[in-house]
Amino acid sequence: MFCEKCGKEIPDSTKFCPYCGAPVSKAQDFVNKAGEAFNAAEQELGSAFDEVKQSFTGNSANQQNAGGQYNGGYQNNGAGQYNAGYQNNGAGQYNAGYQNNGAGQYNTGYQNNGGQTPPPYRGEKLKDDRGLASYIILSIITCGIYGYYFIYKMAHDVNVACDGDGENTSGLVAFILLSMITCGIYAWYWYYKLGNRLANNAGRYGLCIQENGTTVLMWCIFGTLICGIGPFIAMHILIKNSNMICNAYNRTHGLM
């Protein structure tokens, strides 16, 4: 095994690391891993609460409020200044390579047409840190309401990240109504289609996703026989792959 503190390989029966002296007993290792799991779950819950709060307050990653401020790096303070490296100093100069040389010419090739316009708006940042733990815990706390909100936001983000592929992931209304009409069968079909869409769009972002809709569907159907954990594994696959796609979208559009 390896020491959690210094990372060096040590014998399995060792109670203290001979290199750094840190305790490495199995009990301590279990405590450390449990602590890491709780910390990860706490971070997921915090991120999920922030997402819900932003949905109600309207402060999305790139939304302009009444004071002309853009979150996520596009803030206009009223004096023509934009954060994240795009600052207009009043003389028509922009940092990060967007500089007016006095003749209306910008170094990056953008022409100044007489106005002092900041670099173009780059779209909204998609959530790429969803987790299964927060999905389960908040769904239990809210009697299932958060689960529907989770589906709604995931469908929205996937539609944005995969825009142009000729497909569209159905929203919450269709998910609820058709699932009720078909006694839950449509929900499995929805998961299947989403799994295939994520796998098909991985290539456009230079990713490789092995699990497709069939994998998700098999876990939903046959995984239910394994102590009922199949649907949770299927959801974990969808969350993991959607996080990968959304993260790649954010990086591609400079929204990190």
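Residues numbered from 1 in each chain as written. Predicted model: local features only at pLDDT ≥ 70, side-chain atom pairs only at ≥ 80, totals over all residues. Heavy atoms only, no water.

**Quick word on the UniProt feature "transmembrane region" (unreviewed entry) in the protein**
Point 1. According to UniProt, the "transmembrane region" (unreviewed entry) feature falls on residues 132–152, 172–192 and 213–239.
Point 2. Summarising residues 172–192: 86% helix, 0% strand, and an end-to-end C-alpha distance of 16 Å.
Point 3. Structurally, residues 213–239 is divided into 70% helix and 0% strand, and its ends, taken at the C-alpha atoms, are 13 Å apart. (UniProt positions renumbered as here; feature names shortened; annotations may be inferred. Helix = DSSP H or I, 4+ residues; strand = E, 2+ residues; numbered from the N terminus.)

**Concerning the environment of Asp-165**
Point 1. Here Asp-165 lies in the loop between helix H3 (145–161) and helix H4 (172–181).
Point 2. Counting along the chain gives 39 residues from Asp-165 to Arg-204, while the straight-line C-alpha distance between them is 9.9 Å.
Point 3. Ignoring any residue separated from it by four or fewer positions in sequence, one finds Asp-165 in contact with Arg-197, Asn-201 and Arg-204. (Contact = heavy atoms within 4.5 Å.)

**What to know about unusual backbone geometry**
Most peptide bonds adopt trans geometry, and most residues besides glycine take a negative phi value.
Point 1. Phi is positive for Cys-143, which is not a glycine, with a value near 60 degrees.
Point 2. Relative to the elements of secondary structure, Cys-143 occurs in the loop between helix H2 (132–141) and H3.
Point 3. For Cys-183, which is not a glycine, the phi torsion comes out positive at approximately 60 degrees.
Point 4. Here Cys-183 lies in the loop between H4 and helix H5 (185–201).

**A look at the pattern of salt bridges**
Point 1. One pass over the structure, following the stated rule, counts four salt bridges.
Point 2. Here Arg-130 makes a salt bridge to Asp-157, at a shortest N to O gap of 2.9 Å. A residue pair is termed long-range when its members are at least 10 positions apart, and Arg-130 in the loop between strand E2 (74–75) and H2 and Asp-157 in helix H3 qualify at 27 residues.
Point 3. Lys-240 is the salt-bridge partner of Glu-211, the closest N and O atoms lying 3.3 Å from each other. In this pair, Glu-211 sits in the loop between H5 and helix H6 (213–221) while Lys-240 sits in helix H7 (residues 230–252), placing the two residues 29 residues apart along the sequence.
Point 4. Classification of Glu-211 by relative accessible area gives partly exposed; the value is 22%.
Point 5. Note on Lys-240: relative accessible area 30%, which makes it partly exposed. (Salt bridge = Lys/Arg side-chain N within 4 Å of Asp/Glu carboxyl O. Buried < 20%, exposed > 50% of the residue type's maximum accessible area, 1.4 Å probe, protein only.)

**Considerations on the packing of aromatic side chains**
Point 1. All chains considered together, the criterion is met by eight aromatic pairs.
Point 2. Here the aromatic rings of Tyr-146 and Tyr-149 are separated by 5.9 Å at their centres, their planes lie at 40 degrees, and the arrangement is tilted. Note that Tyr-146 and Tyr-149 are positioned in helix H3 at a spacing of three residues, about one turn of the helix. The burial state of Tyr-146 is the same as that of Tyr-149; both residues are buried. (Phe/Tyr/Trp six-rings, centres within 6.5 Å; stacked < 30°, edge-to-face > 60°.)

**Considering the confidence of the model for the protein**
The predicted structure's coordinates, where accompanied by low pLDDT, should not be read in detail.
Point 1. When pLDDT is averaged across the protein, the result is 74; 60% of the residues are at 70 or more.
Point 2. The spread of mean pLDDT over the elements of the protein runs between strand E1 (residues 69–70), the lowest at 41, and H5, the highest at 95.
Point 3. Long-range and interchain partners of residues 60–121, a stretch whose pLDDT sits below 50, account for 91 contacts in this model, where long-range means more than four residues apart. (pLDDT = per-residue confidence, 0-100.)

**Description of a nonpolar patch on the surface**
Point 1. On the surface, Trp-188, Met-218, Ile-221, Phe-222, Leu-225, Ile-226, Ile-229 and Phe-232 cluster together into a nonpolar patch covering about 750 Å² of accessible area.
Point 2. Mapped onto the fold, Trp-188 is located in helix H5. (Patch = residues over 30% accessible without salt bridge, like charges linked within 9 Å, V, L, I, M, F, W, Y side chains within 5 Å. Areas by Shrake-Rupley, 256 points an atom, 1.4 Å probe, with all protein chains shown as cover.)

**A closer look at the nonpolar core**
Point 1. Judged by nonpolar contacts, the single largest core of 35 residues is most densely connected at Phe-150, Trp-190, Tyr-191, Leu-194, Val-216, Met-235 and Ile-245.
Point 2. Among the elements that line this core, the one with the most residues is H7, at nine residues.
Point 3. When near neighbours in sequence (up to four residues on either side) are disregarded, Tyr-191 contacts Ile-151, Phe-175, Val-216, Cys-220, Met-235 and Leu-238. (Core = buried A, V, L, I, M, F, W, Y, C linked by side-chain atoms within 4.5 Å.)

**Focus on the environment of Gly-195**
Point 1. Its place among the elements puts Gly-195 in helix H5.
Point 2. Since its relative accessible area comes to 4%, Gly-195 is described here as buried.
Point 3. If we skip the residues at most four places from it in the chain, Gly-195 touches Glu-211, Asn-212, Gly-213 and Leu-238.

**Details of the packing of H6 against H7**
Point 1. Relative to each other, H6 and H7 sit at 160 degrees, their axes nearing to 6 Å. It follows that H6 is roughly antiparallel to H7 by the angle criterion. Here H6 and H7 pass one another in a crossing that is left-handed. On H7, the residues that touch Thr-215, Val-216, Trp-219 and Cys-220 of H6 are Gly-230, Pro-231, Ile-233, Ala-234, Ile-237 and Leu-238. (Axes fitted to C-alpha atoms, helices over the stretch in contact; angles between N-to-C directions. Parallel < 35°, antiparallel > 145°, perpendicular 65-115°, else oblique. Left-handed = near helix turned anticlockwise from the far one by under 90°.)

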